[in-house]
Structure formats: C-alpha cells, structure tokens
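Now for the letters of each chain:
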Amino acid sequence: MPGNIVLIGFMASGKTTVGRLLAGKLGWNFFDTDTEVEKKASCSIAELFAREGEAYFRELEKEVIARLMEGTRAVVSTGGGAVLAPENVERLRRGNKVIWLKVDEATVWRRVAGSAGRPLVRGRSREEVAALLKKREPYYSFADLKIDTAAKGPEEIVEEIMEGLKGWPAGCRWS
Ligand code: S3P
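Residues numbered from 1 in each chain as written. Predicted model: local features only at pLDDT ≥ 70, side-chain atom pairs only at ≥ 80, totals over all residues. Heavy atoms only, no water.

Caption draft 1: Structural context of the pairing of strand β1 (residues 5–8). Burial of the side chains of β1 extends over both faces: Ile5 and Leu7 are buried on one face and Val6 and Ile8 on the other. Sheet analysis places β1 next to strand β3 (residues 74–77), joined by three bridges and oriented parallel. Each bridged residue has a counterpart across the sheet, and for Leu7 the counterpart in β3 is Ser77. Across four bridges, β1 lies against strand β4 (residues 97–102) in parallel orientation. The partner of Val6 across the bridge, within β4, is Val98. (Buried < 20%, exposed > 50% of the residue type's maximum accessible area, 1.4 Å probe, protein only. Helix = DSSP H or I, 4+ residues; strand = E, 2+ residues; numbered from the N terminus. Pairing = 2+ DSSP bridges.)

Caption draft 2: Just the packing of aromatic side chains, in detail. Tallied over the full model, the rule gives three aromatic pairs. Pairing Phe49 with Phe57 gives two aromatic rings, centres 4.9 Å apart and planes at 40 degrees, and the pair type is tilted. On the accessibility criterion, Phe57 (3% relative accessible area) is buried. Centre to centre, the rings of Trp100 and Tyr140 are 5.9 Å apart; their planes meet at 35 degrees, and the pair counts as tilted. Remark: Tyr140 occurs in helix α7 (residues 126–140) and Trp100 occurs in strand β4; sequence separation between them is 40 residues. Here Trp100 and Tyr140 have matching classes, each one buried. (Phe/Tyr/Trp six-rings, centres within 6.5 Å; stacked < 30°, edge-to-face > 60°.)

Caption draft 3: A look at the side chain of Glu36. Within the secondary structure, Glu36 sits in helix α2 (residues 33–41). Overall, the relative accessible area of 9% leaves Glu36 in the buried class. Leave out the neighbours within four places in its chain, and Glu36 touches Phe31, Val64, Arg67 and Leu68. (Contact = heavy atoms within 4.5 Å.)

Caption draft 4: Geometry of the site of the ligand. Near the ligand lie 13 residues; those nearest to it are Lys15, Asp34, Arg58, Arg118 and Arg136. Contacts to the ligand include Lys15, whose side-chain N or O atom sits 2.6 Å from an oxygen atom. For the ligand, an oxygen atom lies 2.8 Å from a polar atom in the backbone of Gly80. Burial of the ligand by the protein amounts to 95% of the accessible area it has alone, namely 390 Å². Of the residues in the shell around the ligand, the class split is five nonpolar, three polar and five charged. (Near = heavy atom within 4 Å. Polar contact = N/O pair within 3.5 Å; in protein donor to acceptor, adjacent residues only side chain to side chain. Areas by Shrake-Rupley, 256 points an atom, 1.4 Å probe, with all protein chains shown as cover. Nonpolar A, V, L, I, M, F, W, Y, C, P; charged D, E, K, R; others polar.)

Caption draft 5: Representation of the nonpolar core. Ile8, Phe10, Val37, Met69, Val83 and Val108 are the most contacted members of the largest nonpolar core, which has 35 residues in total. Mapped by element, the contributors of at least two residues to this core are β1, α3 (45–52), α4 (54–68), β3, α5 (86–93), β4, α6 (105–112) and α7. Residue contacts for Val108: discarding those within four places in its chain leaves Phe10, Met11, Val103, Val129 and Leu133. In terms of nonpolar packing, the next biggest core, distinct from the first, is built from 18 residues, Leu22, Val75, Leu101 and Trp168 among them. (Core = buried A, V, L, I, M, F, W, Y, C linked by side-chain atoms within 4.5 Å.)

Rendered as structure tokens:
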C-alpha cells in the first residue's frame, strides 16, 4: 500500500506552497498539520501558543500527525518543529517518503521577519532565528530526500521531488 509524502523543514521553507502544488499534480489529498491543529483548537497557532503554551500545541500536533499517518496517498506538510518529538518522526517515516525542504538563513529571515503568525519568531532577532535554524537542522536530516530550495521556485522544487521519488510507490502510477 502506498504511503504518504511528508514535507519537513524549517519555518518558511515553502512546505505548504510546495505540498499543495505537489498534491495537485499527483491528484492526492493535501494536509497541513498546522491547519489541522488550528481546526482542532478552533483558533490560530499564534493564539494557541499565547493562551495554552507551546506544550499544548505540541500535544495537538502529535494527535494530528498520528491521525494523518493512518491515511495514505496524501501529501502532508508539517510544522517546523514536528520532528522534535521522536514519536512523530517514527510515525512520519513508517511506510512514507519524507522530503526535507532545506532553506537558507537569509531566505528564512526575509520571509518571516515581522511575521505575527509565527510565535517562535516574534520578538526574536535575526541572529536568534539563525541559531534556531542551525539547532534544528540535524532533526531534519533523517529525510529520504533532501531538496536544496535556494533560488528555486515551487514548480522546480515539485519537479525535483517527483524526479527523486520515481519508482515509488512501487507498481503505482503517479496519478
Ligand atoms: C513551528 C513552526 C510553525 C508552527 C509553529 C511552530 C516550529 O510551522 O508549527 O509556529 O516549531 O518551527 P511552519 O514551519 O509551517 O511555520
């Protein structure tokens, strides 16, 4: 049975944009774990962090990942911190293909500076965000496929993913 295609990577690496595009090309469903958490909590990620704290957000994120990984033939974009919990990593890997969208520090900063929707960035300096990116990178390295996204548009990234996943799932046509 084919599994899912899971996109991991730091904040603002393009997981949602690329994931939606890829799912459209494959004719697969698309899910974004942050959106699923927001639906579950009936509020935005920023509000959830402010009201209940990060630990509560991580619990909901875990539940969402467990539910989505029971399904198949979906493209799933994950929040940048989803891979911090070993049980999430275990679920994301099992029977699925995990793609790491690798992004550079300058691009991250350009995209997130002043962002109100990302609580882990709010009030942080460029140096602090860069340090967080550096600390997080080893957590993404378990991916089956690493895509360097620097200077590439979403279409190009999707092409690269499809090329990299040729032959998977075995015996299955893409759409
Ligand atoms: C987080 C990344 C966010 C969101 C939350 C925490 C993180 O998702 O899950 O703000 O810990 O890196 P994006 O990667 O989609 O911004």
